[in-house]
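Survey of secondary and tertiary structure
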Amino acid sequence: LSSDSSSSTVVAFKWELLDDTQSVISSGETPGASGTINIPSSLSDRGHQVVATAVDLFGHTSDPVTTSFLVDTTAPLITSAVASVTQSGPESTPPTDAASWIALFGVTVSDGNGVGVSAAGITVDASTVTTDPGTYAVVFRAEDAIGIAAIPLALMYKVPATAVPSLVIGNLSVNHETGRV
């Protein structure tokens with residue numbers, strides 16, 4: 001806290017810490033023309049406000065000044081509509097960009113505190129995927145707007161064999177002897 005007033009001498013700041021329902025969590029008075037408010041580390045995950053007023057030498061109080069902030073200690077959660085996808089035929093190819101991978105698996109990210117993660121905040125690692133038959137991991141990562149990372153989600157992309165297996169049986173001859181009676 002600091003004063004920008006040159007017309008009066010600030011002797012203290014009064015402040016209140018409010019939660020998102022405007023309930024007072026704590027309050028106090030900081031002496032002097034500048035100071036610090038110690039925000040408790042035990043604040044719950046949600047929006048908060050600090051409302052402060054300056055008090056001059058004669059006890060006059062300034063208009064309140066409010067600043068808002070969000071406490072968010074919860075990591076976002078990555079989910080998908082499906083755990084694996086099988087390539088749909090020999091003519092199809094794996095996606096080539098993050099948006100296509102996200103759409104293919106139906107990947108979404110939610111953050112319980114509303115800080116938010118957009119689809120643009122989701123990164124996709126499909127570097128192991130080839131067009132060769134096999135099963136490949138596609139890893140999705142995300143972080144919320146203040147940098148808390150989600151636990152990565154690995155999903156499976158299957159490339160089926162493109163040729164139908166065949167069986168060739170060569171000329172077979174069977175000798176069968178019959179006995180005399």
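Residue positions are given per chain, counted from 1 along the sequence in the order it is written. Under the rules for a predicted model, residues below a pLDDT of 70 receive no local features and side-chain atom pairs below 80 are neither given nor counted, while totals for whole chains, interfaces and linings still include all residues. To get the side-chain values, all heavy atoms of the structure are used, and hydrogens and water are removed first.

**Here's the deal with the environment of Val138**
To qualify as a helix, a DSSP run of H or I must reach at least 4 residues; to qualify as a strand, a run of E must reach at least 2; elements of each kind are numbered from the N terminus. With respect to the helices and strands, Val138 occurs in strand S9 (residues 134-142). Separated by 18 residues in the primary sequence, Val138 and Met156 have C-alpha atoms spaced 6.1 Å apart. The contact criterion used is simple: two residues touch if any of their non-hydrogen atoms lie within 4.5 Å. Sequence-distant contacts of Val138, that is, excluding residues within four places in its chain, are made with Trp101, Phe105, Val124, Asp125, Ala126, Val129, Leu153, Ala154, Leu155 and Tyr157.

**Quick word on the nonpolar core**
By nonpolar core we mean a set of buried residues, namely Ala, Val, Leu, Ile, Met, Phe, Trp, Tyr and Cys, connected to one another through side-chain atoms within 4.5 Å. Between buried and exposed lies partly exposed: a residue is buried under 20% and exposed over 50% of the maximum accessible area for its type, with that area taken using a 1.4 Å probe on protein chains only. In terms of nonpolar packing, the biggest core is built from 18 residues, with Trp101, Phe105, Val107, Val138, Phe140 and Tyr157 touching the most fellow members. Of all the elements in the fold, those that place two or more residues in this core are helix H1 (98-105), S9 and strand S10 (153-159). Top contributing element to this core by residue count: S9, with four residues. In contact with Trp101, not counting residues within four places along its chain, are Pro94, Pro95, Val124, Ala126, Val129, Val138, Phe140 and Tyr157. Of all hydrophobic cores here, the second largest spans seven residues; its members include Leu17, Leu43, Ala52 and Val71.

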